[in-house]
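Here is what each chain is made of, one letter per residue.
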Amino acid sequence: MPSRPATPAPPSFEQLNRRFRPALMAFFLRRLGHHAEAEDLTQEVFVRLASVDTGRMDSSEAYIFRMAANLLRDRSRREKVRFDYRASAQADEQASFDLLDPSRVAAGRQSLEGLASALRELPEDTRTMFVLYRLEHLDRRDIAAAFETSPSTVDRHLARAMVHLARRMGDA
Amino acid sequence: MNQPNDPTDDRIDAASDWCLQLADGRLQGDAHARFQAWLDEDPRNRAAFDTVARTWQALDASPTAPSLIAMREEALSHYARRQSRRWQRPAGLRRPLWAAAAACFLLAVAGVGLWFNLQPEIYRTGVGERQLVRLDDGSQLSLDADTQVEVRYSRDRRQLALRQGRARFQVARDPLRPFSVTAGSRTVVATGTEFSVEVLSAQVHVILYEGSVEVLSRDAAIAPAPPAFKASQSINADGARDLRLVPGQELVAGLASDGARVRAVDAVRTRGWESGQLTFNDEPLGDAIERMNRYAGSHALAIGDAASASLRISGTFTAGDNEAFIEGITGIFPVAVREEGARYVFVQLPDRPTPHDTATVQ
């Protein structure tokens, strides 16, 4: 049973999926517009992560999003052959304006305080389940077992927490 | 902005739902199409999803920030309390005992399951035999004759190895468990796609029919990424060795070496073997013979000298009909066939002048 928040064990594929898939999808959707392409490139990030030894993999946010930006750049280079030069040059430019943009990181720090206080506003059970799921990477079935409830009830708590936090972020 | 019944709220609700499904790896099958339809419905849906995904990611940015650490510790101790409460029920219910017994049983079952998982499942076809295999996850294999494939499925990977012969793979989509096929020095990584892999005269042939695959040199797939890979601006620092195919392309690489070339192929003809038709397109006679031999009965074919080995042939033959193959080749090329023990050996005819070095037989 985990007792301390620090968990340096190598992340499982599932964990990486949970942490990064939504944001990678959003990252590619912002730049591509086509769902299928965004899905393919997201998939490619995970394929590349899976082909690397998980024990020694760099699973930092920075690394993963740099990989995403590079895939996008490679893609725009490939497409350049077939498509309009200006569009791809623009994609190239956008690719470098990725999630590592320093202004975004600063904004992230500010919004972290906002997130923490938004989390505080949630009912205790909802907050606990959400933190266990999102930050401790526990399985929703394990959380359900501990709370002696069903996974779908846990899902409802998670969704409620997510909606509340996203609204707070959206307002900011 | 956030009044009740504001449609923005509904969008955030829906976006949160999609985000959680994506994060949990439960967005599969039809759900992809519904997600896409929802995104395309209204640009504001897209914006809502963006907001939710950013929020989700922001929590990852600094999980060790003091304000979050405090909440994580609270959540964990809350979890620990609830866990221990579950194990301290009144004795009358006898639940802990039952639970403990059940847990032991589960552990035993899991242990056996683990042991089974470590043993690859092996699928093998003999000479002249073809086989279709449906795997647990819905993926399908079509095995050519004289072929061996090993299948290892674990919780987060689907690893296959082609030891010999040829097989076509139709991969069931499962974003959480990448599907890879290793043959010689190459690993083909895919999700939800269709391709074939063949081991032929010390080369690996990969043909993509649908979707996309990444062909990695085996070292890259097993070893951690080299430092240059992490530091360099391009993720493709390794690009000389790792290749991405598009449908209708074939990659040919040495079993042990790094070199590889990619060419366009006729996708329909390259699948002919599944219906017993072997099509060759400007290929060395040796390769054609190796393929014909997967179906050879009592007499296998062989190459007798360098001159016949260097012939390049094109044409379509019926798998297993070596007589027609011999007739076709000897009718066009200045070669003859000698019977040596249980083999038919192709050798060059000494006296005839060479009309062409390549020709087509039908």
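Residues numbered from 1 in each chain as written. Chains lettered and ligands numbered in written order. Predicted model: local features only at pLDDT ≥ 70, side-chain atom pairs only at ≥ 80, totals over all residues.

## Focus: the overall build of chain B
Step number 1: For chain B, the count of helices and strands is 11 helices and 19 strands.
Step number 2: Residues classed as buried in chain B amount to 31% of the 362 residues present.
Step number 3: Excluding contacts between residues fewer than 6 apart, the proportion of contacts in chain B whose partners are at least 24 apart in sequence is 50%. (Helix = DSSP H or I, 4+ residues; strand = E, 2+ residues; numbered from the N terminus. Buried ≥ 20, exposed ≤ 12 C-beta atoms within 10 Å, placed from the backbone. Contact = placed C-beta atoms within 7 Å.)

## Re the overall build of chain A
Step number 1: Helix and strand counts for chain A stand at 8 helices and 0 strands.
Step number 2: Looking at chain A alone, contacts between residues at least 24 apart form 57% of all its contacts between residues at least 6 apart.

## Digging into helix α6 (residues 124–134) of chain A
Step number 1: The buried fraction of α6 of chain A is high, at 8 of 11 residues.
Step number 2: Among all positions in α6 of chain A, only Arg 127, Thr 128, Met 129, Phe 130, Val 131, Leu 132, Tyr 133 and Arg 134 of chain A are buried.

## Regarding the sheet that holds strand β17 (residues 335–340) of chain B
Residues and elements named next belong to chain B.
Step number 1: Strand order in the open sheet formed by 3 strands is β15-β18-β17, and the pairing between neighbours is mixed. Only two strands of the sheet have a single partner each, and these edge strands are β15 (300–303) and β17. Strand-to-strand, the axes of this sheet are offset by a mean angle of 30 degrees, without reference to chain direction.
Step number 2: In terms of strand pairing, β17 meets strand β18 (residues 343–348) through 6 bridges, oriented antiparallel. Within β18, the residue paired with Glu 339 across the bridge is Tyr 344.
Step number 3: Against the sheet, helix α11 (residues 322–332) makes contact with β15, β17 and β18, and its axis sits at roughly 140 degrees relative to β17, the strand it touches most. (Pairing = 2+ DSSP bridges. Axes fitted to C-alpha atoms, helices over the stretch in contact; angles between N-to-C directions.)

## Concerning the environment of Leu 49 of chain A
Residue and element names in this part refer to chain A.
Step number 1: Relative to the helices and strands, Leu 49 is located in helix α2 (residues 35–50).
Step number 2: Overall, Leu 49 belongs to the buried group, with 22 C-beta atoms counted inside 10 Å.
Step number 3: In this structure the C-alpha to C-alpha distance between Leu 49 and Ile 64, which are 15 residues apart in sequence, comes to 8.5 Å.

## Structural notes on the confidence of the model for chain A
All names here are of chain A.
Step number 1: In this model, chain A carries a mean pLDDT of 75, and residues with pLDDT of at least 70 account for 67%.
Step number 2: Within chain A, no element has a lower average pLDDT than helix α4 (residues 85–96), which sits at 48, and none a higher one than α6, at 93.
Step number 3: Under a pLDDT of 50 for its full length, residues 1–8 has, in the predicted model, 11 contacts with residues more than four places off or in other chains.
Step number 4: Every residue in residues 91–103 is under pLDDT 50, and counting partners more than four places away or in other chains gives 19 contacts. (pLDDT = per-residue confidence, 0-100.)

## A look at the nonpolar core
Step number 1: Cys 19, Val 52, Phe 195 and Val 206 of chain B are the most contacted members of the largest nonpolar core, which has 91 residues in total.
Step number 2: If you tally residues by element for this core, the top one is helix α1 (residues 13–32) of chain A, at 9 residues.
Step number 3: Residues within four places of Cys 19 of chain B in sequence aside, it is in contact with Pro 22 and Met 162 of chain A together with Val 52, Ala 53 and Trp 56 of chain B.
Step number 4: Ala 288, Ile 313, Ala 319 and Val 337 of chain B belong to the second-largest nonpolar core, a separate cluster that totals 21 residues. (Core = buried A, V, L, I, M, F, W, Y, C linked by C-beta atoms within 7 Å.)

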